[in-house]
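Fold and geometry: a report
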Amino acid sequence: NDRGAAVANTHLLNAKLAELQPNDTLFISNRTFWVAGGVRAINFQSVTIRLDGTLRFLPGRDGWPLQRTCGINPLQPIRGKTCVQEAFYIANVSGLILTSNGTGTLDGSGQAWW
C-alpha cells in the first residue's frame, strides 16, 4: 500500500462525490484504488455510484484522517481526544444507487482493526 496515494485518492474521491448533481453517475473503474478512510457522500439526491473496481482502505489507523467528535460510534475507539473518521460516511442523501458489474469491492483491510 502507498499511504501518499491513498490520501490523494481519498481527496480526489471526496471532490468527485461533492460535485455530483441529480442524475449523475460516478464510475469507479475496474482497478484497485487505495483510500485512507474519511470518504464522505453527503447532501445529494438521485445519484448512482458504480463501483466496478476495488476501494481498498489502509490497514490500521495510520494515515486515516482524524476527527475530534468521537464517542457516538462505539466501534470508533478514542485515542487521546481524537478518533479516525469512518471509512465511508453517507448522510443526508436520497435516491442513492450503489451498483457494480459484479466485480466492485469495498475492502476495509479489516484484520488490522480486530
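Above: the structure in question.
Now for a quick tour of the structure. Given the structure is predicted, the values throughout are model-derived calculations rather than measurements.

Let us now look at the environment of F57. Along the chain, the position of F57 falls in strand β5 (residues 54-57). For F57 and G108, which are 51 residues apart along the polypeptide, the C-alpha to C-alpha distance reads 5.0 Å. The residues touching F57, leaving out its near neighbours within four places in the chain, are W34, V35, G37, V39, W64, A87, L106, D107, G108 and S109.

Now for the nonpolar core. In terms of nonpolar packing, the biggest core is built from 20 residues, with L13, L17, L20, I28 and L55 touching the most fellow members. Counting only elements with at least two residues in this core, the list comes to α1 (3-19), β1 (25-28), β2 (32-35), β3 (39-45), β4 (48-51) and β5. Apart from the residues lying within four places of it in its own chain, the contact partners of L17 are L26, V39, R40, A41, F44 and I49.

Before going further, it helps to spend a moment on the pattern of salt bridges. Close approach of charged atoms allows side chains of opposite charge to pair. Here the structure, examined in full by the defined rule, presents 4 salt bridges. In this structure, K16 engages E19 in a salt bridge whose closest nitrogen and oxygen atoms are separated by 3.7 Å. With a gap of 3 residues between them, K16 and E19 both fall in helix α1, about one helical turn apart. For K16, a relative accessible area of 39% puts it in the partly exposed group. E19 sits in the partly exposed class, given a relative accessible area of 48%. Note that E86 and R40 form a salt bridge whose closest N and O atoms lie 3.4 Å from each other. Of this pair, E86 sits in the loop between β7 (83-84) and β8 (88-94) while R40 sits in strand β3, and the two are 46 residues apart along the sequence.

Let us look at the sheet that holds strand β9 (residues 97-99). Strands sit in the order β1-β4-β9 across an open sheet of 3 strands; the sheet is parallel. In this open sheet, the two strands that pair with only one neighbour each are β1 and β9. Here the average twist between neighbouring strands, direction ignored, is 10°. As judged from the 3 bridges shared by β4 and β9, these two strands associate in the parallel manner. Looking across to β9, one finds that I49 is bridged to L98.

This paragraph deals with the packing of aromatic side chains. Going through the model one piece at a time under the given rule, you end up with 1 aromatic pair. Geometrically, the ring pair formed by F57 and W64 is tilted, given 5.9 Å between the ring centres and 35° between the ring planes. For the pair shown, F57 and W64 are each scored as buried. Sitting over the ring of W34, R56 keeps its end group 5.6 Å from the ring centre.

Cut-offs used in this document
Residues numbered from 1 in each chain as written. Predicted model: local features only at pLDDT ≥ 70, side-chain atom pairs only at ≥ 80, totals over all residues. Heavy atoms only, no water. Helix = DSSP H or I, 4+ residues; strand = E, 2+ residues; numbered from the N terminus. Contact = heavy atoms within 4.5 Å. Core = buried A, V, L, I, M, F, W, Y, C linked by side-chain atoms within 4.5 Å. Buried < 20%, exposed > 50% of the residue type's maximum accessible area, 1.4 Å probe, protein only. Salt bridge = Lys/Arg side-chain N within 4 Å of Asp/Glu carboxyl O. Pairing = 2+ DSSP bridges. Axes fitted to C-alpha atoms, helices over the stretch in contact; angles between N-to-C directions. Phe/Tyr/Trp six-rings, centres within 6.5 Å; stacked < 30°, edge-to-face > 60°. Lys NZ or Arg CZ within 6 Å of the ring centre and 35° of its normal.

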